[in-house]
Structure formats: C-alpha cells, structure tokens
Amino acid sequence: MLPLAELHLHIEGTLEADLLVRLARRNGVPLPSEDPAELTARYADFADLQAFLDVYYANLAVLRTEEDFHDLAAAYLSRAAAAGVRRAEIFCDPQTHLANGVPLEVVFGGLGAALADARSAGLSADLLVCFLRDLGGEAAEDLLRRALPFREHFIGVGLDSAEVGWPPRLFAKAYDMAAVEGLHRVAHAGEEGGPEYVREALDVLGVERIDHGNRALEDPDLVRRLRDERVPLTVCPLSNVALKGVPRIEDHPLPRMLELGLVATVNSDDPAYFGGGIDVVVAALRSALEMSDDDLAALAANSFEAAFVDGPERARWTAEVRAWRARR
Ligand code: HPA
Ligand code: ZN
C-alpha cells in the first residue's frame, strides 16, 4: 500500500450511507430513505458543487452527540489507516453543526476523542476548522472567536462550501486573526472559481496550500508562481469528476500538474459521495490515467512535503515512500 498523507478530506464527507441510517435511527432524525443503497444511488449524478452541498448539508442533521462525531471520525480513521494513510489533516464544518443546534464542545469533544485514539494506534491526525464561505466574512470571524477556546483541538483554518461569488478577500480579517493565533491557513480555490480566486487566496489570505487549484492551470504566470514557491495543491480527482469540473477521469489534469513541476497531492475530499477513499482514488489514477509507480511515489512524497508536520516525521515517511518504490 502506497504510504501517504491525506490533506484534503472533509470529515462530514466521510458519512457513509450505512452510518447515516444508523445515526438517523439513533437520534430520531427523518431521512428521505432508510435504505443505504438507495441513498448512495442519489449521489451518482450531481450537476455541480452546489447540488452536492445541498445533499451533504441535509445529511448532517443526523449528527447530534459527541458519540456521533466520534463514530464518524473513528470510521474514517480506521479506513484511512488500512488504505496506507500515515498522516490525516481533516477538515470540519462547525458552522453547520452550530446551525443544527450542536455546540462546539460536542463537535470537538467527539472528533478529538477519535483523533486521540488514532494517534495512540500510530496514525498521525489533526483537525483544520473550515469557514463556510457562503455565510460570509463576519460569520467566519465569529466562528473563529468561538472556536479559540478549543484551540488545542485544531491546527489551522480552511475555507470551503460554494466558491463562485465568495472571493477570498471577504475572509481577510478571519485569516489575519488565524495568523495571529499561529494557525495554519489553507483555502479551497480554483475548484469552480477562476485563477483569480487562487491568486487572492495566496495574496490576501496568506495560505500555505491551495485546496483543489485546478483552474490555476488556465494562468501560466500563476502556474510558474505555484511551482517556484512550491505551493502545494491538494487535488481530488474523483471529486472533480463527480462535481463536473472535469468531464471524465481520463481527462483529469493531475499528470500534467506533475509534469509542470507543481507540488500536487492526491486526496479523496468527500469519499462517501464521490466513489471511495484514497485507495480507490489511487487505483483510478493507475487504471484510468495510467500513472506509474514513479508518479504515485511523487504524489506521496509531495503529500509529506505539504503536510503540517515536523522534519523527523516527514523524513521517516518520505523514506517509507522510497522503500515502497524500491519494492515495486
Ligand atoms: N468543495 C467545497 N466545499 C466542500 C466540499 C467540496 O468539495 N466538500 C465539503 N465542502
Ligand atoms: Zn474539499
């Protein structure tokens, strides 16, 4: 199994239909169907990002208790460990849970307990708190203020949800506050929005990585900058196909990103909705994109370069990638 770091993963997007049904029953929350297969079938044809987000947010009404958040994260972490993940940097969307009447102590308590168990079992994992961009800048600042008492539970902030019409500059103050707190900063950009969203995330928000970044390829100057400054892109091929950013997996620009010298990494984004976890994504890179062992080793090495970890851990995992390549 290829050892890698998964850096673009929404914990809420790991809610598999069987757990969704179990939590709905446990908490008395109605669902459009109680048949996991029928629920999963509804994920087969999203028109775009918003069509997915509508289903994703609706399903999150089943998450009520600390145990629910624990069970969600524990299930992902155990699948990730089995798929070769050594390090997971995991997004969460606390504004959604607050809107559902779930306090932050429940969210961080449950997720934090599952991450602590995973660390004891040898999987390195941390949380990144995302701002929902379609709630605006002031809501982001308010969330960060409310989350700071739980500072030990997260290492950074991100920006997700509907992109177009919600440019990075709206979140300048929230990201300044995060920087003052010594938090890492990343943002979704260039998933549906154009290259200007990527540039603004770098210039205005001071992000250390770009989540997705596909549309940066439309701007050669920006590509040069991303390459020269070694700004990592957390790319999600199955997500891009599921949300119609890329017509077919065979057309995905990930091989070109590597050819251009970009620090591209591979990730599953919302594995319960887009066809599978990181092992399934890597298998698709091999079969549909004909990526070689060298390509996969490059993606894995990039993931450890891009991870928010200390030098010795990075060196240990990078050596594991070299050993994996040597065994092939
Ligand atoms: N894009 C933007 N926001 C999201 C996503 C995504 O793929 N998944 C969960 N929130
Ligand atoms: Zn994402």
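See the structure printed just above.
Here the structure is a predicted model, which means the values were calculated and not measured. (Residues numbered from 1 in each chain as written. Chains lettered and ligands numbered in written order. Predicted model: local features only at pLDDT ≥ 70, side-chain atom pairs only at ≥ 80, totals over all residues. Heavy atoms only, no water.)

I'm lost on the coordination of the zinc ion (ligand 2) in this one. Help?
Note on metal geometry: ideal angles are 109.5 degrees for four donors arranged tetrahedrally and 90 or 180 degrees for six donors arranged octahedrally. Distances from the zinc ion (ligand 2) to its protein donors, namely His8 (NE2), His10 (NE2), His188 (NE2) and Asp269 (OD), fall within the range 2.0 to 2.3 Å. One way to put it: the four donor atoms around the zinc ion (ligand 2) meet at angles of 84 to 176 degrees, and that makes the site irregular. Every donor residue of the zinc ion (ligand 2) comes from the same chain, spaced as H-x1-H-x177-H-x80-D. With His188 in strand 5 (residues 184-189) and Asp269 in the loop between strand 8 (264-266) and helix 13 (271-274), this pair connects stretches of sequence that are 81 residues apart. The class of His188 is buried, set by a relative accessible area of 4%. (Donors = N, O, S within 2.8 Å, 3.2 Å for Na, K, Ca; no water. Tetrahedral: all angles 85-135°; square planar, octahedral: opposite > 155°, others 65-115°. Helix = DSSP H or I, 4+ residues; strand = E, 2+ residues; numbered from the N terminus. Buried < 20%, exposed > 50% of the residue type's maximum accessible area, 1.4 Å probe, protein only.)

Is there a simple way to explain the pattern of salt bridges in this structure?
Two side chains bearing opposite charge may form a pair once their charged atoms approach each other closely. For the coordinates displayed, the defined rule picks out 25 salt bridges. The salt bridge involving Glu218 is made with Arg215; its shortest N-O contact spans 2.7 Å. Here Arg215 falls in the partly exposed class, since its relative accessible area comes to 29%. Among the ionic pairs, Arg227 bridges to Asp228, the shortest N-O distance being 3.1 Å. Of the residues examined, Arg227 reaches a relative accessible area of 34% and is grouped as partly exposed. (Salt bridge = Lys/Arg side-chain N within 4 Å of Asp/Glu carboxyl O.)

Mind showing me how you'd approach the sheet that holds strand 5 here?
A sheet is described by the order of its strands in space; here eight strands give the open sequence 1-2-3-4-5-6-7-8, paired in parallel fashion. Of all strands in the sheet, those with a lone pairing partner are strand 1 (4-10) and strand 8, marking the two edges. In this sheet, neighbouring strand axes are inclined to one another by 25 degrees on average, regardless of whether the strands run parallel or antiparallel. Pairing of strand 7 (residues 233-235) with strand 8 involves three bridges; the strand directions are parallel. (Pairing = 2+ DSSP bridges. Axes fitted to C-alpha atoms, helices over the stretch in contact; angles between N-to-C directions.)

Could you clarify how one ought to interpret the pairing of strand 6 (residues 209-212) in this entry?
For a regular strand, side-chain orientation follows a simple rule: the groups alternate between the two sheet faces. Examined bridge by bridge, strand 5 and strand 6 share four bridges and lie parallel to one another. Within strand 6, the position partnered with His188 by the bridge is Asp211. Considered for its hand, the β-α-β crossover made up of strand 5, helix 9 (residues 195-203) and strand 6 is right-handed. As judged from the two bridges shared by strand 6 and strand 7, these two strands associate in the parallel manner. Residue pairing in the sheet places Ile210 in a bridge with Leu233 of strand 7. (Right-handed = clockwise from strand over helix to strand, strands pointing away.)

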